[in-house]
Structure formats: structure tokens, C-alpha cells
Amino acid sequence: MAEINVALSARDSSAPTGKIKLSARNVGVFYGAANALRDVNMDFEEHQVISLIGPSGCGKSTFLRCINRMNDTIPGCRVVGSINMDGTNIYGPDIDPVELRARVGMVFQKPNPFPKSIYDNVAYGPRIHGMAAGKAELDEVVEWALRSAGLWEEAKDRLQQPGTGLSGGQQQRLCIARAIAVHPEVILMDEPCSALDPIATAKIEELIDELRRSFTIIIVTHSMQQAARVSQKTAFFHMGNLVEEGPTDVIFTKPHDPRTGAYITGRIG
Amino acid sequence: MDKNHIVHSYDAELSQLQNMIAEMGGLAEMQLARAIAALVKYDADAANDIVEKDRRIDALEDEIDELAVRLIAKRQPMASDLRTIITGLKVAANLERIGDYAKNIAKRTVTISSATGLRGPISTIARMAGLVQGMIKNVLDAYIAHDADKADDVRARDQEVDQIHSGLFRELLTYMMEDPRNITPCTHLLFIAKNIERVGDHVTSVAEQVHYMVHGELPLGERPKQDLSSFTLVEPK
Ligand SMILES: Nc1ncnc2c1ncn2[C@@H]1O[C@H](COP(=O)(O)OP(=O)(O)OP(=O)(O)O)[C@@H](O)[C@H]1O
Ligand SMILES: [Mg+2]
């Protein structure tokens, strides 16, 4: 994906720095009285891909939504604890959740382009956040985002056609372009490949590896192989608890906790 | 190991792999025992039969390799399952080598056919082989039971084999110096002893693999080495 390299070289792309981008402390989530997530403590390094794995209902999506305060939008949902981004608590009083969501982008399981043109899908964020001064600048941002998402060559001649007319894999890359158009620092992905075929999945995985040079990426996946392939760090959740986290290589060859071992080897946990 | 995969056929395939290793190990152990018995009795017919039977061990290794590759492709094993399968491949390779050494002992038995007057060293060889057979049996038990402690014990016992080998080396050199007619049979006996010593090394390697399979890392610390034959000198009187 040469075009991505070109697009990203313009930015400050670097190898993992070891710098902590995000750190969750004693994070818990309640839906009404139900305690869906308990006491999560975890650090996320800059320019790494971190996988969150675990059985259905263990709280992966719930945790992911804490990181861009999407849970705020769910009635009856209450988050406790703190999440620091570059040392500032994103649940602090000075934080505007809408601004936060520009810094922490999100890509969902089902590609969900707006019912608008390809161009407008990508231009949407920069427009509402006032990130482009004029038409020419906006064009530039759109091209950069589409190139970074590896979609420019396929989309450049049909920018005014609806985003929903793209294939599933292309739509997902459009959603990634939309997420990165506002220059976020962190990208959250909730099962981004579960609706895609193996080729489209491979393209997204390749893209994730490229994007890591510019962003910190947290991905929820049900595919152990995908987690093993794309991430440097893996965290295993079980029944609302973070059971174990560590280097991906270690988690998939010699996990420490028997629950992790049981889950990743396909045994009853 | 836990036999409780959600997909039961996966358990069945892993069990099959372990059964094949057990069968292969049992055969290798028996081949060594029969090779030594043939040597002690100078039984060329038995020795020829051993050479023939080695094919079954080779064939089993191929079957194990195939099954392991199929398992990896089909199940994409992780963690303890992955380690079990990779260990299976390595153990099978070690057992195949053990079979080869037994075969080589049998071939040399046919060549020397009789070495009267060398009863002493031959009984030492038989004792050394008995020790190694015990190690093969224990390491296979350790593999099947996923018992790393038992495997570690086997690993520690290889020193005894090395010690006997060093002593035997010296003894055989002395025989050769006493009577040049001993040189041919003693040289073969030297190789036979070396073969048994190598079998011990392969058993040790299997023991280390079992430790890895259970704990996810190789045993710590250099293995104790007691084979001094590389430094042995016997000066003519
Ligand atoms: N909006 C909500 N209202 C009430 N309960 C919820 C809500 N969202 C999630 N939950 C509950 O919280 C728990 C964790 O759900 P969550 O969606 O985080 O799981 P998950 O690990 O993402 O599962 P999956 O792999 O199936 O997506 C579950 O018990 C779920 O029923
Ligand atoms: Mg989810």
C-alpha cells in the first residue's frame, strides 16, 4: 500500500515510543444497577495496536466506549474511575465529549457510511470541527484521509457517488477514512472485520499496521488469529473483569491465567 | 491435558497425535531392547529383523508430521494446544533418531557376529542400554501425563549414561592395546556405546520438550554433562 506510506510520511510517523498514551484506572461501568465492567487498570502505549478479546458479553465494547465517552450517550449508563490521555483525565470537568471524540475516533462492526457521497462522508468531520479553511483545503484533507485508508485509487473517480454504493470492504475503509479525517490520536475499532471476506479483512489488517505509525489503535476482535496478527499487546476480558494483559506473543503461546488459556484454545472457560 | 474443547473432534485429533507418539516411542524403546539382546546373544537373524522393523518407526514419523500439519491448518491451535502439537513434531523427530541408532547397533551386531572375550564390555553396554530404556519409558509417560517434574528427573539421569560411556571408552581402548585382534570388534562396540549415549541425548531432548510443552519455556540451566570420553587418553604401557 504505497499510497499510504506517501500519505503518512507527511505526518509525524514514528515507531513505538514507549510513551503511555492512555491509562485506565479503576474503570467500572454500570448499566442501571448491573455492573458490566469492574476495576479495569490498563496502560496503552502510543503507536501500538492493542487487542481486546474475550467471550461475548464480557464487556469489551463497554470498555471501548469508555475511551471516547460514548457510554455517556447511553441512558442509565454510569462510568466510574478515570482514563488519562496524555496525563489528562478525559472524565475531568474541562473535557468536551464532542471534542474528545475527534481525538479518539471510532470504527464499528458494520460499515456505516452516511447516506451521502464518498466525499461528504470524509469531509463531514473536518467540516463540523472547522478543520479546513476552504474548498481547496478540504479537498486536500479528503484526499489525504482516503489515501491513508488505502481507498484513494478506488474512489478518486467517484467521489460524488454515494458511499453506500461501495463494497463492504470499501465501505469499512471509507469509515476508517472518515475517522482519521479529523486527525485523531487514537482509533477505536469494534470488530471492524466481522462483516468482511478474507481479502477485505487482509486489507484492513494491512491498513491497521500502517496506521499504527500515526495513531494508537485499540481493536476488539473475536478472531484470535486476527488479534495475534495485528496487535502488539492483547488484553483478555472475562465476565466484566480484565483477567490478563501482556505482549500478544506471550498471550497466544503461554498465557498466564487458566481462563485465558481455556478461552483462546477453544475450551469451556 | 484437559480434554474439553468445545469442538470434540479437536480433542479426538489431539489424542490421536499423542497415541501415535506413544506407539512410536514404545517401538523405539523395544527396538533398542531387542538390538541389545541380539548383541548379547550374537543373534544375526534377530539383528536383521530389527533393521527391517525400523521402517515402521519412519512411517509413523511421517504420519505424525502429516497429522500435525493438518491440525495446525485446520484448528489454528493456540497456547497449550500449539505447544502440544509443536512438541509432538519434535518428539517424533527424536524418536525417529532413536530408532536409527537401534538399527545401527543391529547392523554392527551382524558385522561383528561374535566377539568372545569381550563379555565384560558387552555387559556394560547392556547395563547402559537398560538405563536408557528406562529413560525412554519414563519420558514417554511424562509426555502422555504432561508431567514436567517427571521429565526433569529423566533429564537429570542422563549423567549416569554419560559416566558409563566414559568408563567404557577407556576400557575398550585398553582391550585394543592388549590384542590387535580386538580392534575390529572393539571399534564396533565403541560405536555401539556411542549410539546408546546419543539415544540418551535424544531422550534428554524429549524431556526438555515435555517441560516446554507444560510450562511454555525450556528448563533453566545447562544440562549436567558427564561424558569425558572426548578427553580420554590411554597411554600404551
Ligand atoms: N446499552 C446497554 N444497556 C444495558 N446493558 C448493556 C448495554 N450494553 C451492554 N450491556 C451489558 O453489558 C455487558 C457487557 O456487554 P458488551 O457489549 O460490552 O460485551 P462485549 O464483550 O462487547 O460482547 P460482544 O462480544 O458480544 O460484542 C453485557 O452483559 C451486556 O448485556
Ligand atoms: Mg461488543
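Structure first, text after, so check above.
This report concerns the structure included in the present document. (Residues numbered from 1 in each chain as written. Chains lettered and ligands numbered in written order. Predicted model: local features only at pLDDT ≥ 70, side-chain atom pairs only at ≥ 80, totals over all residues. Heavy atoms only, no water.)

### Brief notes about the overall build of chain A
And then number 1: Scanning chain A for helices and strands turns up eleven helices and ten strands.
And then number 2: In terms of C-alpha radius of gyration, chain A reaches 18 Å, essentially the compact-globule figure of 18 Å for 269 residues.
And then number 3: With the C-alpha coordinates of chain A rotated into their principal frame, the extents come out at 55 × 40 × 35 Å.
And then number 4: Among the 269 residues that make up chain A, the fraction classed as buried is 53%. (Helix = DSSP H or I, 4+ residues; strand = E, 2+ residues; numbered from the N terminus. Rg over C-alpha atoms; globule rule 2.2 N^0.38 Å. Buried < 20%, exposed > 50% of the residue type's maximum accessible area, 1.4 Å probe, protein only.)

### Remarks on the site of ligand 1
Residues and elements named next belong to chain A.
And then number 1: Neighbouring residues of ligand 1: 14 residues in total, closest Ser56, Lys60, Ser61, Thr62 and His222.
And then number 2: For ligand 1, an oxygen atom lies 2.8 Å from a polar atom in the backbone of Gly57.
And then number 3: Protein contact buries 60% of the 630 Å² of open area that ligand 1 shows by itself.
And then number 4: Counting residues per element, the shell around ligand 1 draws most heavily on helix 2 (residues 60-67), at four residues.
And then number 5: Classifying every residue of the shell around ligand 1 gives five nonpolar, six polar and three charged. (Near = heavy atom within 4 Å. Polar contact = N/O pair within 3.5 Å; in protein donor to acceptor, adjacent residues only side chain to side chain. Areas by Shrake-Rupley, 256 points an atom, 1.4 Å probe, with all protein chains shown as cover. Nonpolar A, V, L, I, M, F, W, Y, C, P; charged D, E, K, R; others polar.)

### Thoughts on the pairing of strand 9 (residues 233-238) of chain A
All names here are of chain A.
And then number 1: Burial runs high along strand 9: six of the six residues are buried.
And then number 2: Burial along strand 9 is two-sided: Lys233, Ala235 and Phe237 and Thr234, Phe236 and His238, pointing in opposite directions, are all buried.
And then number 3: Of the strand pairs in this sheet, strand 3 (residues 49-53) and strand 9 are connected by four bridges, and their pairing is parallel. Residue pairing for strand 9: Ser51 is matched across the bridge by Thr234.
And then number 4: The loop that links strand 9 with its antiparallel partner strand 10 (residues 241-247) comprises two residues; one of these, Met239, has a positive phi angle of about 50°. (Pairing = 2+ DSSP bridges.)

### Things to note about the pattern of salt bridges
And then number 1: In this structure the tally under the stated criterion is 36 salt bridges over all chains.
And then number 2: Among the ionic pairs, Asp120 of chain A bridges to Arg127 of chain A, the shortest N-O distance being 3.1 Å.
And then number 3: The class for Asp120 of chain A is partly exposed, based on a relative accessible area of 23%.
And then number 4: The partner of Glu52 of chain B in a salt bridge is Arg55 of chain B, and the shortest N-O contact between them spans 3.7 Å. Here the residue Glu52 of chain B and the residue Arg55 of chain B both occupy positions in helix 2 (residues 44-75), the gap between them amounting to three residues, near one helical turn.
And then number 5: Assessed through its relative accessible area of 60%, Arg55 of chain B is described here as exposed.
And then number 6: Overlapping salt bridges bring together Lys19, Lys21, Glu46, Asp86, Arg103 and Glu185 of chain A as one network. (Salt bridge = Lys/Arg side-chain N within 4 Å of Asp/Glu carboxyl O.)

Interpretation in functional terms is not warranted from these geometric data alone.
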